[in-house]
Structure formats: C-alpha cells, structure tokens
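Each chain, letter by letter, is given below.
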Amino acid sequence: MNKEEKYNLAKWAMNHALENGAQQASVTIANSVSSSVEVREQKIDKLEQAIQSGLSIRLFVDGRYSAHSTSRLKKEELAHFIEEAIAGTRFLSEDEFRTLPEPELYYKGGGANLELLDKDFDKVDPQKKIKLAFDAESEVFGKDDRLISVSAGYYDNKNERVMVTSNGFEGDSSNSVFGVYTSVSVKGGDARPEAGWNESAIQYANLKKEGSGSIALEKALSKIGQQKIQSGTMPMIVENRQVGRIFGPLINALSGSEIQQKNSFLINKLGEKVASEKLTLTDDPFIVGGRGSRLFDGEGLATQKRTVFDKGVLKTYYIDTYYGKKLEMEPTSGSTTNLVFETGDKDLQGLIASVDKGILVTGFNGGNSNGSSGDFSYGIEGFLIEDGKITKPVAEMNITGNMKQLWSSIGEVGNDVNQNSSWRTPSILFENIDFSGL
Amino acid sequence: MNVDRRSFIKTSGMFAAGSVMLPSFLQSCHNEQISANVKSYLDHFEVSAEMLQKVIAAAMSKGGNYADLYFEHKITNSISLEDGKVNRAYSNVDFGVGIRVLKGDQTGFAYSENISLDDMLNAAKLAANIADQPNEFAPIGVNEKAPANFYPIQQKWTDVTIGDKVPFVQKINDKVFSLDEKVSKVNAFLGDETSYVLFYNSEGRLTYDYRPMMRVGAVCVMEKDGQIENSYVARSFRSGFEVMTDELLDEIAKEAIEKTNLLFEAGKPKAGEMPVVLGAGGSGILLHEAIGHTFEADFNRKGTSIFSDKFGKKVAENFINIIDDGTLPYDRGAINIDDEGNDVQKTYLVKDGILNSYIHDRISAQYYGVEPTGNGRRESFRNMPLPRMRSTYMENGPHTVDDILAQVDYGVYVDNFSNGEVKIGAGDFTFFVKSGYVIEKGKLTRPIKDINIVGNGPQALADITMTANDYKNDSGTWTCGKDGQSVPVTLGLPTVLVKKMTVGGTNA
C-alpha cells in the first residue's frame with residue numbers, strides 16, 4: 001500500500017465508523033518491511049523476510065470508548081469488524097473523560113525534515129546484507145582459543161504509517177533502521193561468559209559496518225573469572241548503554257496514567273527538587289536524525305521541546321489527553337521523544353579514574369522497581385574499581401535502594417552519550433549504593 | 001442499533017474467516033483421508049490440501065530438507081475497569097501463515113498475512129532461499145494426526161459478548177473495595193484469546209489445534225498514613241467462559257487484600273549470602289530461570305549454556321525430580337500439539353538428581369538424535385519456533401515445611417514474585433521478590449518486600465538440600481520471553497531450602 005492508498009483506506013474506515021454509530025473515531029494504518037540474516041560457523045543460520053500491515057481504530061460511541069486492531073484489511077471484512085466493535089462498545093460504562101484531543105493542539109503540517117527514513121531503503125543489495133553478517137562473524141571466528149560460539153547478524157526495517165481523526169487530524173510518518181550485531185560466548189572455567197555488541201543507524205550509509213565483532217569478543221573475554229565480592233556501600237558507575245534500566249522507572253513515574261492511578265513516587269512534585277542538581281534533562285523531538293524524533297505523537301498532538309528536569313527540579317509530566325482530563329492538567333504528550341542529558345566533562349575512563357573503590361556496572365540481570373514507592377533491587381555484573389582502575393570482573397550481585405535517593409546521589413554525569421537510542425544516556429556515577437554479594 | 005447476540009459474536013473479532021465467504025472450489029477436496037475436523041480447519045483458512053502441497057513443493061524447491069506451514073488465526077479481547085467502571089475494551093485479530101524451510105540446522109523463514117495461493121508461494125520461495133541447490137521435490141501425501149485434547153471447553157469465548165463479561169470485572173472491583181477501607185484504587189481486567197492453528201509439513205503431517213486462553217485479575221492500591229502500596233493478582237487458564245465463577249473472583253479479591261496489607265509493615269533484609277526458603281507455588285520461578293532456560297537445547301547445541309557438558313551427570317540431590325510438562329489439563333502452559341506439529345509430553349529434565357533431558361525443538365532433537373519433546377513453540381505465525389518451556393515444576397520431596405524452617409538460623413522465606421532473568425552462559429539468574437519474610441531461628445519474623453535474589457544455576461540446583469511435600473502449581477499470568485518472542489507458561493514448586501543465594505538488601 002502506498003501512502004495515498006493508506007490515507008484512503010483510513011478515511012474510509014473512519015467514515016464507516018461515523019456512519020454506523022460512532023461520534024468520534026481515529027484510525028491508524030501502518031505497514032513495515034523487514035529482513036534479517038544471522039550467521040553462525042560461517043554458514044547462514046537464519047534468514048527472515050517479512051511484510052506486515054495493520055489497521056487500528058479508536059472508537060468513541062455514546063460516551064463510551066474502545067480500541068481495536070486487525071491485520072485483515074479487506075473492506076468487506078473491515079466493515080463487519082468495525083460494526084461489531086461499535087456494538088460491543090455499547091456494553092461498556094460511560095467515561096466522560098474519553099475524547100479526541102482538542103483540535104488546536106494537533107500538528108498541522110510543516111516543520112523540519114527530521115530525516116528518519118533512508119530514501120534508498122529498498123535499494124540495498126540483499127547479497128551485501130548477507131556479507132555484512134559474514135564480515136562481522138569473521139572479525140571473531142577462529143580468533144581466540146577460548147571461543148565457544150559466535151553469531152553475527154544484519155537486520156533492517158522500514159515503517160510507514162498514516163493517521164486520521166474525525167476532528168481534523170491527518171498525518172503520516174516513516175522511519176527506517178539498519179543494524180549489525182555480534183554475540184560471542186567464551187569458555188572461562190565452568191562459566192561461559194557471553195557478550196554482544198550492536199550498531200545501528202537510520203541511514204544505511206551511516207551504519208558503522210565494522211567493529212561489532214571485535215567489541216563483542218573483547219567484552220566477553222573481559223568477563224572471564226567473574227565473581228561476587230563482599231557486600232558493601234560503594235560508588236557505582238553505570239555504563240552509558242545500561243543507564244536506561246535505572247532511568248526507566250524515573251520516567252515512568254512521570255506518566256499521567258501512573259500518577260492518576262497512584263503508582264508513582266513523584267505525585268504532586270511539579271516544581272520541586274526531586275533529584276540531584278546534576279540532573280538536567282530535555283525532551284527534544286526535533287533532533288535531525290534522532291531516534292525518537294517526531295512532529296506529532298500517537299494522538300496527533302504537535303510535539304514540543306520541553307525541559308523535564310532542571311538542576312533536579314521536576315518541570316513536566318507526560319500527560320495524554322485522557323489522563324489530562326482526569327487530572328485536570330494540560331496534555332503534554334503521553335510519551336518521550338529524544339531524552340537529552342546535560343553532560344559533564346569526563347568520559348567513562350575519566351569517571352573510573354575518579355573512583356577510589358567502587359563498581360562499574362556493565363549489565364543488569366533481572367530486578368525491578370516498585371512504581372509507587374520507588375524501591376528497587378537489580379542484579380548486576382561489571383567490574384571492581386580500585387584506585388581509579390578496573391581490577392577484576394564481578395557478577396552475581398544485587399544493588400538495592402530507592403529511586404528518589406539514587407537520582408539524588410549523582411556524583412557526576414559523563415559526556416559519552418549513547419547516540420544509538422532515543423534515550424541519549426551518558427555513563428553516570430552514583431554515590432553510596434548498597435551492593436549485596438558475599 | 002439493536003444487536004442480536006449471535007451476529008455480534010461471529011465477528012467481534014471473530015471473523016471465522018472461512019465461515020463468512022467460503023469459495024466453492026474448496027469443497028472439491030477429493031482427499032479421502034481428510035476427516036471432518038481437519039476439513040473444518042482447511043475451510044477456516046480457505047485452503048485445500050492440494051494448495052498446501054503446492055506451497056510445500058515451492059518451499060522445498062531449492063534443496064531444503066524440511067519445510068512446514070503454520071497457519072494461525074488469533075482473536076484477542078480484553079475489557080478493563082478503572083476508577084470504578086468497566087469503561088474500556090480492546091480487541092485484536094491476527095491472521096496469516098508462517099513458512100519455514102530447514103537445511104540441516106539452517107533456517108529460512110517468511111510469513112504472509114494473505115492466504116492466497118500466490119501470496120503463499122511467494123513467501124515459500126523467500127524461505128526456500130536458505131538452500132541453494134534447486135531440486136525437484138517429490139509430491140507428498142497427507143498424514144492426518146488428531147491432536148490430544150488437554151483443554152476441552154464448554155463455552156467458547158467467541159460466543160460471549162462484552163455484556164456477558166462486564167459484571168464479572170465489576171464484581172472484582174466491588175469485592176476488593178468491600179474487604180478493606182484502605183483500598184483507594186482498583187484496576188481489574190478480563191482478557192480472552194482464541195487461536196485456530198493448522199499445521200502441515202514436508203513429511204505430510206497435517207494437524208491442528210484450538211487454543212483458548214483467559215486471564216482475569218486486579219491491581220489493588222491501598223493507602224495508609226500517606227504510604228501507598230499495591231499488588232497484582234491474576235489467574236490464567238486455557239479454559240472457556242465457564243471458568244468464570246464467584247469463587248474465582250473471591251479468591252483473587254482476598255489474595256489482593258492480603259498481599260497488599262503485608263507490604264505496609266515490610267522492610268528490607270540485610271544484604272548478602274544467606275539460606276533462602278522458597279515457598280510452594282510461584283517459587284517455581286527458580287526452576288524456570290535457574291534451570292529451565294539453561295536446559296533449552298538450542299543453547300546447549302551451540303555450547304553456550306552452562307549446562308552444555310552436564311548431560312547424564314548428577315546435578316542435584318537424589319530426591320529431586322524436575323519436569324517440563326505440556327499436558328496439564330487447562331494449564332496456561334499446556335498445548336495439544338507444539339508449534340512444529342509434534343505430540344506433547346511430560347518431560348523429566350532432572351530425574352533422581354541426574355540431568356535427564358534438554359528442552360528440544362525439531363532442530364535440536366535431530367542434532368542430539370532424540371525424539372522431539374514437544375517444546376517447539378512460537379509467539380505467532382510471524383515467528384520461527386524455538387525450544388521453549390511449558391509448565392516447569394518439581395515433584396514433592398521427603399521433607400516437611402517445618403523441617404525446612406527449623407534448619408534456618410538467619411535467612412529469608414519468599415513466595416511472591418514478579419519477574420526473573422538469567423544469563424545462559426554464566427548461569428547467573430535472578431528473581432524479584434514482591435514479598436516474603438525474614439527467618440530468624442526457624443521462625444518467620446518481619447515481612448520484607450521489593451528485593452532481588454541472585455544465584456548461579458548449577459550451584460543453586462546442587463544447593464537445594466531439602467524439598468517438602470506441599471507441591472503447588474502457580475496459575476498466574478506467567479509469560480516467558482526469548483529472542484523477542486513471548487509465550488505463556490506456568491511453574492510450580494514444593495517448599496524447598498536453597499543453602500545460600502545472594503539477597504538484595506541494606507548494609508546498615
């Protein structure tokens with residue numbers, strides 16, 4: 001389906017809903033194309049190709065609300081599907097807070113080209129894709145006696161969607177991603193440490209095609225001899241790509257639904273200092289080529305650049321239309337775009353050098369955080385730091401604490417931002433973390 | 001618009017795609033071996049045995065040595081309650097065929113959301129590319145296999161309207177609120193799923209499955225002196241609508257109140273290594289993480305699991321038997337056939353302390369030269385199958401709960417969990433404890449909450465020094481993730497003592 005066909009079908013479905021009893025409706029049609037190849041022992045292990053399409057519809061019927069989706073896109077089936085969905089909606093209780101967004105908050109066209117799609121997506125030669133996977137594997141294969149297994153892969157996908165609403169929104173967006181990865185297992189004593197590395201890019205030309213294998217091998221070898229150490233309270237550095245695990249609960253606590261349903265430890269904290277002065281964070285939807293960039297959100301609301309934390313002071317929640325009405329707050333947007341940290345002066349090596357005795361966390365293993373209290377406990381692996389240097393690999397340990405305390409105890413924010421993600425996290429040093437080990 | 005219930009039912013997600021517009025040429029299937037049951041599935045997907053044979057021939061055309069077709073039509077519905085009212089409903093319809101071609105242990109895979117012969121042939125040709133030696137594939141017959149029936153139901157979810165379901169969800173809310181005045185919010189839900197599966201492979205095996213699934217539960221939020229605590233309680237079964245009873249709702253409501261109340265008094269244990277007593281039921285998460293994943297034969301075939309060289313060796317005390325079972329009646333982890341068309345077993349992973357079997361899919365069973373165990377599963381027709389668990393549990397042992405507690409001077413007792421994870425190669429696994437107790441001198445003393453426990457698989461298995469006789473299956477909404485695919489599972493355990501694991505906590 002091309003863009004025009006998607007718009008036509010979306011409008012047809014929306015009108016069908018309006019003609020059959022819905023007072024408001026919103027329809028999204030999305031399709032994606034993807035391919036992937038994985039190589040093992042110098043043979044193709046897996047080869048996958050897929051084309052996927054789907055329609056989703058939100059219905060507002062006599063003050064009631066429901067949402068539905070299907071991969072069956074023939075009009076006669078869709079007609080039936082929508083009619084049945086409307087009939088089902090009538091069995092629900094009324095919900096006065098359910099409406100489409102106010103039209104003046106919609107994105108109305110224009111704005112910068114965010115460059116989220118590789119125009120030549122379909123032109124990448126399939127043989128080249130396969131070769132990239134083989135090349136990544138050969139960076140490692142046969143390179144070390146301790147190797148047990150190497151898998152390397154290439155993947156890409158392209159997504160295109162259009163959305164229409166019955167109070168005037170029309171918008172479309174598309175994006176692409178290309179990636180190369182390698183995962184490596186090595187033998188070290190009884191254990192078989194594993195590590196992986198992934199490179200990805202929106203434009204094929206910008207994909208870093210070499211290096212994932214070598215990095216994965218180095219990381220796996222560095223884990224040989226992992227052991228737990230004595231429990232204790234120490235500083236912790238979390239490596240940039242891993243920060244999301246402990247940052248997620250902080251962002252989740254800002255969500256309108258969690259606040260309204262009392263599953264947040266940051267209820268009624270707007271304008272208050274809730275974290276360290278070293279935490280300044282911006283939500284910037286307009287970064288050209290940013291993984292989280294967008295001109296409108298899932299409801300059609302025009303995106304805006306917002307400060308989330310300013311020197312530890314909470315400046316915004318993530319509020320969609322529904323929870324905005326319930327909380328009597330202006331909607332911002334229900335989701336994050338690109339999260340950009342104000343960075344410090346040091347890279348990861350610099351942070352490590354500043355620690356007398358502590359632990360560098362390079363991976364998490366399970367654990368969770370309690371939404372309402374912020375109490376957390378996570379399994380970790382990484383390295384012991386002594387006198388500013390990495391001395392040995394550690395694993396099978398936990399960190400335990402509270403999110404509010406954790407984010408109030410930032411020692412230093414690094415400058416090594418991970419550009420491979422919409423959450424552009426640098427490595428961060430935290431003080432006084434409870435580690436459990438022996 | 002006045003909805004008559006029957007017409008609502010048919011489609012509300014429930015396009016029985018075949019029943020609406022069955023092309024007449026399909027009726028002309030001459031294959032005498034085909035039973036009415038299989039025929040109803042062929043009709044459902046608007047295909048004929050001849051079409052399946054053509055698609056398999058295309059899949060095998062480049063020299064693959066095995067191919068299979070996995071047709072799936074899945075209808076998912078849910079309703080939920082927030083702020084006192086059942087005020088939202090969701091539904092999803094998914095429909096398509098996954099086509100897989102194997103050449104040795106190499107896999108080619110493609111899927112199509114359209115089940116026309118042309119679309120299927122195109123997908124088959126893509127999947128065929130895993131092989132590169134064009135080959136004439138001799139026509140195959142049809143070898144029909146009637147599946148087991150571990151979940152016969154009385155009332156199909158596709159015959160139930162939202163109107164029929166709403167009162168149950170409302171009741172959970174009202175019961176929870178009536179039980180304790182500290183309750184400030186309830187989120188309650190009822191979800192159901194119906195899958196039609198049709199399977200055919202290059203060996204001629206033709207089989208099918210009808211898979212119902214339901215889940216019902218609530219999140220209960222309570223407030224006391226400014227402190228907010230919540231608990232999630234749910235049940236899930238491969239059952240029909242008849243499973244919805246007042247008793248089930250009562251059980252959920254009471255458990256939600258009890259679990260949440262416990263949290264107001266709960267704190268943290270001290271950090272470090274200590275004995276851990278795992279209470280009967282949900283503690284089966286230990287088996288799932290510490291042993292189950294590392295027994296999955298794809299990891300062992302590649303040598304990447306910590307258990308890769310332990311087959312046939314003693315890995316636990318003699319009284320320990322660990323099972324992965326796809327045959328438990330109405331169990332969330334049960335399947336009548338696996339997603340590679342194989343029969344499903346009760347598989348002893350550990351028998352009398354010896355590592356007895358890995359968890360196999362077709363590729364690994366072939367590699368190890370064993371019969372498939374019926375563990376080849378996939379999230380949907382969009383995914384290729386992998387070795388996956390079903391219901392993983394331990395049989396009763398020789399001890400009692402009192403014997404076990406009496407052994408512990410200082411440790412923790414845990415029986416309520418939310419999630420876990422494992423590093424396959426290092427064998428380090430974790431599980432997150434929502435609540436439990438400190439054990440002091442053999443007695444449960446103060447409650448604890450929100451701590452992670454970490455251990456090492458082979459070590460923890462060897463460290464299970466006592467097993468009680470109070471086995472319980474946990475019928476919560478356990479969902480297992482691997483390689484981006486989610487499948488429903490369950491787990492269970494009698495009370496056991498693990499000599500030591502590392503418990504999250506404070507160093508004060």
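Keep in mind that this is a model prediction, so the values were computed, not measured.

Draft legend 1. Main features of the UniProt feature "domain: Metalloprotease TldD/E N-terminal" (unreviewed entry) in chain A. According to UniProt, the positions carrying the feature "domain: Metalloprotease TldD/E N-terminal" (unreviewed entry) are residues 29–87 of chain A. Secondary structure content for residues 29–87 of chain A is 22% helix and 64% strand, while the C-alpha to C-alpha distance between its ends is 22 Å.

Draft legend 2. Fine view of the sheet that holds strand β10 (residues 346–351) of chain B. Residue and element names in this part refer to chain B. Reading across the sheet, the six strands line up as β11-β10-β9-β14-β22-β19 and stay open at both edges, with mixed pairing between neighbours. The open sheet has two edge strands, β11 (354–355) and β19 (472–474), and neither has a second partner. Relative to β11, β10 runs antiparallel, the two being bridged by two bridges. Across the sheet, the residue bridging to V350 is L355, located in β11.

Draft legend 3. Layout of helix α4 (residues 212–222) of chain A. All names here are of chain A. When α4 is considered as a whole, its buried residues turn out to be S212, G213, A216, L217 and A220. Down the axis, α4 shows its buried residues gathered within 130 degrees of arc, on one side only. Looking at the buried side of α4, the elements it contacts are α3 (126–138), β4 (147–165), β5 (170–186) and β6 (194–201).

Draft legend 4. Structural context of the interface of chain B and chain A. Contacts between the two partners involve 72 residues from chain B, matched on the other side by 66 residues from chain A. If you tally residues by element for the side of chain B that touches chain A, the top one is strand β2 (residues 85–103) of chain B, at twelve residues. Looking at the side of chain B that touches chain A residue by residue, the class counts come to 27 nonpolar, 31 polar and 14 charged. Of the pairings in the sheet, the one linking strand β3 (residues 64–70) of chain A to β2(B) comprises five bridges and is parallel in character. Bridging from a neighbouring strand, T70(A) pairs with V93(B) of β2(B).

Draft legend 5. Seen up close, the domain arrangement of chain A. Residues and elements named next belong to chain A. Along its sequence, chain A is carved into domain 1 (3–222) and domain 2 (226–438). Computed over C-alpha atoms, the centres of domain 1 and domain 2 are 25 Å apart. With 22 residues of domain 1 at the interface, the matching set in domain 2 holds 19 residues. For the side of domain 1 that touches domain 2, the secondary structure elements donating two or more residues are β4 and β5.

Draft legend 6. Structural context of the UniProt feature "domain: Metalloprotease TldD/E C-terminal" (unreviewed entry) in chain B. UniProt tags residues 272–505 of chain B as "domain: Metalloprotease TldD/E C-terminal" (unreviewed entry). Helix makes up 14% of residues 272–505 of chain B and strand 40%, and the two end C-alpha atoms of the span are 7 Å apart.

Draft legend 7. Inspection of the domain arrangement of chain B at higher detail. All names here are of chain B. Here the domain parsing of chain B yields domain 1 (5–215) and domain 2 (272–503). The C-alpha-based centres of domain 1 and domain 2 are spaced at 29 Å. If you look at the interface, domain 1 gives 27 residues, while domain 2 gives 20 residues. Mapped onto the side of domain 1 that touches domain 2, the elements with two or more residues apiece are β1 (66–82), β2, β3 (106–112), β5 (183–201) and β6 (205–224). Ranked by residue count, the leading element in the side of domain 1 that touches domain 2 is β2, at six residues. Residue composition of the side of domain 1 that touches domain 2, by class: twelve nonpolar, six polar and nine charged.

Draft legend 8. Structural context of the sheet that holds strand β9 (residues 306–310) of chain A. Residues and elements named next belong to chain A. What the five strands build is an open sheet, ordered β10-β9-β8-β11-β16; its pairing is mixed. Pairing within the sheet leaves two strands with one partner each, and these edge strands are β10 (313–314) and β16 (423–424). Pairing geometry for β9 and β10, over two bridges, is antiparallel. When the sheet's bridge partners are listed, F309 is paired in β10 with L314.

Definitions and limits used
- Residues numbered from 1 in each chain as written.
- Chains lettered and ligands numbered in written order.
- Predicted model: local features only at pLDDT ≥ 70, side-chain atom pairs only at ≥ 80, totals over all residues.
- UniProt positions renumbered as here; feature names shortened; annotations may be inferred.
- Helix = DSSP H or I, 4+ residues; strand = E, 2+ residues; numbered from the N terminus.
- Pairing = 2+ DSSP bridges.
- Buried ≥ 20, exposed ≤ 12 C-beta atoms within 10 Å, placed from the backbone.
- Arc of directions from axis to C-beta.
- Contact = placed C-beta atoms within 7 Å.
- Nonpolar A, V, L, I, M, F, W, Y, C, P; charged D, E, K, R; others polar.
- Domains from an automatic or database assignment.

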